[in-house]
Amino acid sequence: MASLPDPIPGAPAAVAPTVGRPDPAEPQPVVGKPDQQAPEPVSPTGTPTGAPVRSRAQSGTTLTTSAGLPLRDTDHSLKAGARGPSLLQDHHLREKITHFDHERIPERVVHARGTGVHGSFVSYGAAAGLTRASFLAPDVETPVFVRFSTVLGSRGSADTVRDTRGFAVKFYTDEGVFDLVGNNMPVFFIQDGIKFPDVIHAAKPHPDREIPQAQSAHDTFWDFVSLHTEATHHVMWAMSDRGIPRSYRMMEGFGVHTFRLINADGETSLVKFHWKPVLGAHSLVWEEAQLLAGFDPDFHRRDLTDAITAGAYPQYELGVQVMPDTEDQLFEGIDLLDPTKMVPEELAPVQPIGRLTLTGNTTNFFAETEQVAFHLGNLVPGIDVTDDPLLQARLFSYVDTQLTRLGGPNFNQLPINRPHSPVNDMLRDGMHQTAVHEGVAPYQPNSLDGGVPFVTGTSGAGFIEAPQPVTGVKERSAPASFDDHFSQARLFWLSMSDVEQQHLVEAFVFELSKCYEKPIRQRELTVLANVDPDLVARVAAGLGMPVPDAQYQPATVQPSPALSQLGGSWPADGRVIGLLTGPGSSLVDVAAVQHALNDAGMTCLVIAPVGGELEADGVTVIVQRSLVTARSVELDALIISDGVADSPLDPRTQLMLGELFRHGKAIVGWGSAAEVLTAAGCPTEATGVVIASDAAGVAEPLQQALSQHRAWDRVPAAT
Ligand code: HEM
């Protein structure tokens, strides 16, 4: 990857901002920043307009009303005398205040808190034999917009709460928009969409006092999931480290449902979609997540957008697990229509079919991230849905909610939602119509508009639902294959490493300890007894409650090593490294280390006792964090330079080192760094702690330690 710019994101602009209209020079309109992208300048009906790619809502440099009237003054309302009452006549005052009064739209009923970025997807062509979707043909590049989100919290809630994350991708293909609206967990709480309001009502804040915000650690959530045991598998994922990702850049994505692909010969196969981050899937530890919720509630949003600004473009591989389209839609005994079940990768390997690269931040959060509208029914020829009853309800829900959220039926005309291929629908009028339709015959068949628009018929270009036979009795029921609620929850538990199992136990203990009602805790312990005897014993011990009997014999299952996040080796691109300096540090060394790390694709933040600039020996170093603003949780690792005072050790340095050590993060230093570590009570011989002979020797062991994400043997595996 490219080396990172210097100075790093968040630094002041090169040219100091000015106030007032420059004279005599001609003022320039506002232009976007280099890291920003914007929706393509296509018309509401998908036609290229020829406008500049980043054409703006504003034009000119003079302040006007929304009707274009140039304004002489916008600071004083029109009054009857300087000290008199305001006049109703003041149309500018009324327009300004009225528009402001209506700036807010309803937040999403779920996934309200999110971050959107632009990018592109390049297909390897590996799926070309499975689907006729044009964007999956070899080497096709497709623009995308991606929105990552949490589920439970309101728009302003913290990023690092324990929750499922949304991973929604809008592909602007030449055959229309394809939306892959997934999560960072491959299974869901419910098997039938009719239960969605129930699970969300249970997980959202209590209706009487509207607490707690953005979390599941409360009575109503555990009341519901302990009664509704089909949620057990998803609950295991949510309580695991997957519930607190380190970064959106380091998070897997899953389409969850089984989809049906159709190739050019009309042959079908059943697939599950996966996104695999090139940086690996990594998580925070719980203490970090909690501290970050206060220290930097925007942690994930900032991490993603800073990485893009710095040129450390996040990448993910799209893959598919391919299963034969059999009549029973079962694979190795797993019901592919049950969204509480996944297919272990050992049974059906994930085959890579393309690469997503995120390259651009939004230009305007509201216009893009807030107004983007995903819909499971945004399909392209060659990709079809299945009869998964959760997916079926989703096909209805998204458009329905967007009618309210975006104020009418024309939200696909919003710039961020516009297809990049021609649109010729017969939908007309409605609130916020921005297209000016021509012709007189928006109906089919017609002769007055020459028959236009025509359907594709049997030409092969149009979308065709896979011709699946459907028979059945009208009934409200679920198949017997949906009855197994515990075997895959157990498979997940048994697939975790020791430290991941310990985190699961601690999460259950934390969440259930927050439940006031003892019967709810008891009931959930019975659920866990059905999953695994060791799991329930450890959670019960943490709660100080007796271990209940299981209702079912624990299933015999084969663990899936692919589910563990540990054991691999990953690049350090975009990792955030603190570089602690002190009064005795050589700035020549500090600057050299900072540049070496930035050149290696990491972001190196210089930390000093106070802010400002450090100057010595003809070298100037900008301080990015002082001891007041630095906190271990925003760092993946720390470098301690020579010359940091160890006696007395600043209590903030002591705190930072204690947290870094406890959280298993790499700590590398040179010179007197060993004394600083010793003063902070951190053993210098521990895994992931390296004292190099000089400044030039820190980068290599740092990258080595980061490739494992953490020094796992420093993170307690059992309490
Ligand atoms: C596999 C299960 C599900 C997954 C993976 C999923 C994923 C998502 C994601 C990623 C978003 C955020 C979209 C964005 O960024 O704008 C979202 C929003 C939403 N989801 Fe789901 N969801 C699931 C199940 C459901 C179900 C069963 C329903 C309803 C029956 C539902 C209703 C909604 C609604 C109403 C929104 C807000 C959409 C908007 O306002 O634009 N979801 N979902």
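Residues numbered from 1 in each chain as written. Predicted model: local features only at pLDDT ≥ 70, side-chain atom pairs only at ≥ 80, totals over all residues.

Description of the overall build of the protein chain
- Along its length, the protein chain carries 16 helices and 21 strands.
- Taken over C-alpha atoms, the radius of gyration comes to 28 Å for the protein chain, in line with the 27 Å a tight globule of 719 residues would show.
- Dimensions of the protein chain along its principal axes, counting C-alpha atoms only, are 90 × 85 × 55 Å.
- For the protein chain, restricting intrachain contacts to residue pairs at least 6 apart in sequence, the fraction spanning at least 24 positions comes to 74%. (Helix = DSSP H or I, 4+ residues; strand = E, 2+ residues; numbered from the N terminus. Rg over C-alpha atoms; globule rule 2.2 N^0.38 Å. Contact = placed C-beta atoms within 7 Å.)

Examining the domain arrangement of the protein chain
- Under the domain assignment used here, the protein chain contains domain 1 (114–413), domain 2 (486–563) and domain 3 (576–714).
- Centre-to-centre, using C-alpha coordinates, domain 1 lies 26 Å away from domain 2.
- Opposite the 22 residues of domain 1 that make contact, domain 2 presents 26 residues.
- Elements represented by at least two residues in the side of domain 1 that touches domain 2 include exactly α3 (219–227) and α4 (232–239). (Domains from an automatic or database assignment.)

What to know about the site of the ligand
- Taken together, 28 residues sit near the ligand, with Arg-108, His-111, Arg-147, Gly-166 and Ser-397 positioned nearest.
- Top element by residues in the shell around the ligand is helix α8 (residues 389–405). It accounts for 8 residues.
- Looking at the shell around the ligand, its residues break down into 14 nonpolar, 10 polar and 4 charged. (Near = placed C-beta within 6 Å. Nonpolar A, V, L, I, M, F, W, Y, C, P; charged D, E, K, R; others polar.)

A look at the pairing of strand β19 (residues 637–640)
- Side-chain alternation along β19 places Ala-637 and Ile-639 on one buried face and Leu-638 and Ile-640 on a second face that is also buried.
- Across 4 bridges, the pairing between strand β14 (residues 576–580) and β19 is parallel. Within β19, the residue paired with Leu-580 across the bridge is Ile-640.
- In terms of handedness, the path from β19 via helix α14 (residues 651–662) over to strand β20 (residues 666–670) forms a crossover that is right-handed. (Buried ≥ 20, exposed ≤ 12 C-beta atoms within 10 Å, placed from the backbone. Pairing = 2+ DSSP bridges. Right-handed = clockwise from strand over helix to strand, strands pointing away.)

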